[in-house]
Amino acid sequence: MSSKAQILAAVLANQPAKLPQPVFEPFSPQGQNNLDVFVKTAKGIGSSLHFFSGMQEVKNLITSSFSVGRIISPLAELSDIAETDFADLDAHTLENVELGVFKAHFGVAENSALWVTEALLGKRVSPFICQHLMLLVNKTAILQNMHQAYDSIGEADYDFGTFIAGPSKTADIEQSLVLGAHGPRSLVIVILG
Amino acid sequence: MNIKMKVGLFIPCYVDQFYPNAAIATLQLLEKLGVNVTYPANQTCCGQPMANSGFEHLTSGCNTLFMANFKEFDYIVAPSGSCVLHIKEHIHTPNHEDDKNISGKIYELTEFLTDVLKVTHLTSNFPHRVGLHQSCHGQRGLHISQMSELVEAPYSKPQTLLNMVQNIEMITLKRKDECCGFGGTFCVTEEAVSAKMGKDRVLDHENNGAEYITGVDLSCLMHLEGILKRKNSKTKVIHIAEILNAS
Amino acid sequence: MIQELKHHATLADDFNQNEDRVGWHDDTLWWIREKRDKIAWQVPDWELLRDAASNIKDHVLSNLNPYLVQFEANAIANGITVHWAADAAEHNQIVLNILREKEINKLVKSKSMLTEECHLNDFLAENGVDVIDSDLGERIVQLAEEPPSHIVLPCIHKKKEEIGQLFHKHLGTPEGNSDPQLLTEAARHHLRETFLSRKATVTGINFAVAETGEFVVCTNEGNADMGAHLADVHIACMGIEKIIPERKDLGVFLRLLARSATGQPITTYSSHFKKPRENQEMHIILVDNGRTKQLGREDFRNSLKCIRCGACMNTCPVYRRSGGHSYHYAITGPIGAILAPNLDMEKYADLPFASTLCGSCTNVCPVKIDIHQQLYKWRQVIVQSGYAPKAKVLSMKAMAFTFSSPFVYHTAGKMGRAVLKYAPFTVNNKFNPWYKQRDMPEPPSASFGEWYKKNRN
């Protein structure tokens, strides 16, 4: 008997009588205003925030804060200051990227996580390998909590998706928080609109 | 409650042998409150030391004896959360109905006072600074007070009663409900960790100026007392019944 | 047993030789417990969330066979290769076979407690495969040639000065420098090179969704993603209990996991792997290794609900003062103590006794595993199976005899009090661990029973 058959048979023999799949009621919000909660949470975990009305302000921020180094972004609006055609490159060649700029589908107030999928990233590795990361999200796309987040995702068919909350970090050495473990050293969140 | 109700006083073995004053205070306090209370002379032990060591199968003698001693009472009251919890959860005799019956009518002293007698005032006076040790079995097992792990409204039955005592001053602890490390035979089989836990607990009370450490379980207090005495501390232990009965 | 095994009490005693260090270890973990409390109190429905998570997991365990079948079918449809391993040896062999087929002998691995449980690193090393752990804490213990002492915080037992020394020796950081910022930066550079040069990666799996065939990996460092998105081959290993029914269930678990683990609102990255990249191979290994056996143990099956957050370790007053290595098993702390005996009851017979049964673990557990009740039940099973020390059996029998008879008890009581100096309990008269750091209670002149006889009858 194959291991698969053996395991499935053992599971079937040993699993208890079937319990119903639980249905849970909507959970209470953490605060009155999603955006306020989002901002407070994001700052609390080391992200920086900007409120901009349009892409020109985003550009100004990028050119003033990231004047040196390689910048990638799949956003056509940024084609004059960033590489936009990196999707077909070998992932390893992104190793020297200083800044990556991407749009997020939405943000989640309770944990300041931003949901991005491969379609928005150009390459999977891009929001991880860059030294600094900038994510743009619409003001109207801040959801309350993770339940709303998955309601919003629904049955979307992505190849890869990730919630990103703050810069890459570790506290493995005596619980001292250090930003910039393997991924971006900073996360800049731009709230648009 | 009906004053004619018969209450059986269950005095755990180590209280009987080592801390009779706590048992006397329990008896006197209940009598003061008008309870018809009897102490069955043939009682010994709830069986917990064996059961917690993995020898629950050796406790049938204890169980039978307990049943014989306490079956007829309307309530069973003991000055120990731990022993009460053990009986509530683990008494197994051939008659399961009897077991259920016992589980439903056995109370730790402070919960009996607040929940059954619904005591609202006491005449006791205890002009000292006191730290309350939340014994785990009383707290997390019998729910006589809310535990810090849960996101739930706080309450404490022992504290409610201590608040009725005149001139008592309660101290605040850094860790309000950490285990003292007694743990039954754990206190000898895991001596190093047990002693370290006890030392840490004692220090929290001392640092916050406790003259007395009180609680609902003398097993914990015996362990803490051992550590206090070893370091010649001025802090003493006292069972909550002795404070509630103090005049 | 040929190999002399040090049991928890002995290992804990070793750990307690340096009391200041125990205090430091305890305070560090307690601080994490406090962070967990603080953030849990910010979630209005915390206890309802725990109920929801617990109920979902109970449902999964009761319907695991169909969910496994469904998950496999969906994962295959997504282009993932699925393997099944009955035990640790088969799991390790599958990993090796995948690597050999690709002629790969270097691997970068992110945190996976399952691979610790299976001793994958040792096996691969014996077979000529070089493994580098990419989680900073895991890299540190790997350089120190030690197992992790905590499932979330692998090197929580190590002081930064010790890490500084290790990094000086292995990564060339300045001697005597133990600044966490500097050390982390050094590791970042060292591991970047690793990520860029390794063609295969192994990751764990936090949740596998039956409905979609995707799996979720959570990290703060981004190491799983760096490994997975750069490697040609991604091997993801999971115990069969990691299945959840639907994507929306992730909403419940991702709210609980990081809050319970470290007091963060969520991990930095919660990555959902559904399909391999173009030209990438993605493998999932579904591992049993005792899980189906545990599923059949009614009293212990709900230990399989564990989501590996480590909250039970941070809150455990014993763990905090005995250190993770005292559990001599890959999964340390209270949850390890109820999982390990399922695999080897004799070897891990000591672990369920390494607890005061205070119950704190059960009440921080985000999936409501009744850990302390299972510790109690394992004690009964272990004793009944004959793994209790002989001396203990004898003393327990003596105790049962004493307490079963009021006459014997009353006589022994009188004698007991008289010789209190030498015997605090009837169980313990040869050695006296009580007296090492504690004084005895003052023996009273009369027991309560004797007083009552005089004063009330």
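Structure's up top.
A. Region of interest: the overall build of chain B. Along chain B, the regular secondary structure elements total 13 helices and eight strands. Relative to the 2.2 N^0.38 estimate, which gives 18 Å for 247 residues, the radius of gyration of chain B is 17 Å and therefore close to what a compact globule would have. Seen along its three principal axes, the alpha-carbon backbone of chain B occupies a region of about 50 × 40 × 40 Å. Counting over 247 residues, chain B shows a buried share of 68%. Considering only intrachain contacts with a sequence separation of at least 6, the fraction spanning at least 24 residues in chain B is 76%.

B. Molecular detail of the side chain of R247(C). The topology assignment puts R247(C) in the loop between β8 (243-244) and α12 (249-262). Beyond its immediate sequence surroundings of up to four residues, R247(C) is in contact with Y150(A), I153(A), G154(A), E155(A), A156(A), Y158(A), V209(C), E211(C), T212(C), E214(C) and K274(C).

C. Molecular detail of the interface of chain C and chain B. Counting residues at the interface gives 79 residues for chain C and 74 residues for chain B. Summing both sides of the interface, chain C and chain B together bury roughly 6,700 Å²; the carbon and sulfur share of this comes to 60%. Its largest share of buried area at the contact with chain B, chain C owes to Q437(C), R438(C) and F448(C), together 11% of the area lost on that side. Summed over the shared surface of chain C and chain B, the number is eleven salt bridges.

D. Quick look at the interface of chain C and chain A. On the chain A side, the residues contacting the 99 residues of chain C number 72 residues. Of the roughly 7,000 Å² buried between chain C and chain A, counting both surfaces, carbon and sulfur atoms make up 58%. On inspection of chain C and its partner chain A, the count reaches eight salt bridges. In this structure, the connection of chain C to chain A is made through 47 residue pairs in polar contact (both at pLDDT 80 or more). A total of eleven residues in the side of chain C that touches chain A trace back to one element, the largest contributor, which is helix α10 (residues 180-197) of chain C. Grouping the amino acids of the side of chain C that touches chain A by side-chain chemistry returns 46 nonpolar, 25 polar and 28 charged. Of the strand pairs in this sheet, strand β8 (residues 160-164) of chain A and strand β9 (residues 269-273) of chain C are connected by five bridges, and their pairing is antiparallel. Bridging from a neighbouring strand, G161(A) pairs with H272(C) of β9(C).

E. Looking closely at the packing of aromatic side chains. Counted according to the given criterion, the structure contains 25 aromatic pairs over all chains. A ring pair is formed by Y107(B) and F112(B), whose centres lie 6.0 Å apart and whose planes are at 65°; its orientation type is edge-to-face. As far as burial versus exposure is concerned, Y107(B) and F112(B) are alike and both buried. Judged by centre distance (5.1 Å) and plane angle (65°), the rings of Y329(C) and Y348(C) are edge-to-face. Of the two residues, Y329(C) sits in the loop between α15 (319-322) and α16 (333-343) while Y348(C) sits in the loop between α16 and α17 (360-364), which places them 19 residues apart along the sequence. Given a relative accessible area of 13%, Y329(C) falls into the buried group. Feature note: the residues F106(A), W115(A), Y150(A), Y158(A) and F163(A) constitute an aromatic cluster, connected by ring pairs.

F. Inspection of the sheet that holds strand β7 (residues 212-215) of chain B at higher detail. Residues and elements named next belong to chain B. Pairing in this open sheet of four strands is parallel, and the strands run β6-β5-β7-β8 from one edge to the other. Of all the strands in the sheet, just β6 (169-170) and β8 (236-239) have a single pairing partner and so form its edges. Where strand β5 (residues 129-133) and β6 come together, two bridges link them in parallel fashion. Looking at the pairing, V130 lines up with M170 of β6. Contacts from helix α12 (residues 218-230) reach β5, β7 and β8 within the one sheet, and its direction differs from that of β8 by about 165°.

G. Structural view of the packing of helix α2 (residues 19-40) of chain C against α12(C). All names here are of chain C. Contact geometry for α2 and α12: axes closest at 6 Å, N-to-C directions at 140°. Here α2 lies oblique to α12, going by the angle between them. Across from I32, K35, R36 and I39 in α2, the residues of α12 making contact are R259, S260, A261 and T262. Here the residues of the contact of α2 with α12 sort into three nonpolar, two polar and three charged.

H. A look at the sheet that holds strand β2 (residues 70-72) of chain A. Residues and elements named next belong to chain A. The sheet built from five strands is open, its strands ordered β1-β11-β6-β3-β2 with parallel pairing. Among the strands making up the open sheet, the edge pair consists of β1 (48-52) and β2. Recorded for the sheet is a direction-independent mean angle of 20° between the axes of neighbouring strands. Of the pairings in the sheet, the one linking β2 to strand β3 (residues 97-103) comprises three bridges and is parallel in character. By the bridge assignment for β3, R70 is matched with V97. Helix α2 (residues 34-44) rests against β1 and β11 (186-192) of the sheet, and its axis sits at about 145° to β1.

I. Representation of the environment of G251(C). Residues and elements named next belong to chain C. Looking at the secondary structure, you find G251 in helix α12. Judged by its relative accessible area of 0%, G251 is buried. Once the C-alpha coordinates of G251 and L49 are considered, the two residues, 202 residues apart in sequence, prove to be 9.9 Å apart.

J. Region of interest: the nonpolar core. In this structure, F163(A), F10(B), L30(B), F112(B), F215(C), I243(C) and F448(C) are the most contacted members of the largest nonpolar core, which totals 255 residues. Counting 23 residues, the second largest nonpolar core, distinct from the first, contains I98(C), C118(C), F123(C) and L124(C).

K. Region of the structure containing the side chain of S134(C). Within the secondary structure, S134(C) is located in the loop between β3 (130-133) and α8 (136-143). Apart from the residues within four sequence positions on either side, S134(C) is in contact with H182(A), V108(C), K109(C), S110(C), L191(C), F195(C), E221(C) and N223(C).

L. Expanded view of the arrangement of the chains. Sorting the two pairs of chains in contact by contact count puts chains A and C at the top. Left apart from each other, chain A and chain B have a closest C-alpha approach of 14 Å.

M. Structural detail: the packing of helix α9 (residues 160-171) of chain C against α10(C). Residues and elements named next belong to chain C. Contact pair α9 / α10: the axes reach a minimum separation of 10 Å and the direction vectors enclose 35°. Once α9 is placed against α10, the crossing between them reads as left-handed. Counted together, K160, I163, G164, F167 and L171 of α9 and P180, L183, A187 and H190 of α10 form the full contact between these two elements. Considering only residue class, the contact of α9 with α10 consists of six nonpolar, two polar and one charged.

What counts as what
Residues numbered from 1 in each chain as written. Chains lettered and ligands numbered in written order. Predicted model: local features only at pLDDT ≥ 70, side-chain atom pairs only at ≥ 80, totals over all residues. Heavy atoms only, no water. Helix = DSSP H or I, 4+ residues; strand = E, 2+ residues; numbered from the N terminus. Rg over C-alpha atoms; globule rule 2.2 N^0.38 Å. Buried < 20%, exposed > 50% of the residue type's maximum accessible area, 1.4 Å probe, protein only. Contact = heavy atoms within 4.5 Å. Buried area = accessible area lost by both parts, 1.4 Å probe. Salt bridge = Lys/Arg side-chain N within 4 Å of Asp/Glu carboxyl O. Polar contact = N/O pair within 3.5 Å; in protein donor to acceptor, adjacent residues only side chain to side chain. Nonpolar A, V, L, I, M, F, W, Y, C, P; charged D, E, K, R; others polar. Pairing = 2+ DSSP bridges. Phe/Tyr/Trp six-rings, centres within 6.5 Å; stacked < 30°, edge-to-face > 60°. Axes fitted to C-alpha atoms, helices over the stretch in contact; angles between N-to-C directions. Parallel < 35°, antiparallel > 145°, perpendicular 65-115°, else oblique. Core = buried A, V, L, I, M, F, W, Y, C linked by side-chain atoms within 4.5 Å. Left-handed = near helix turned anticlockwise from the far one by under 90°.

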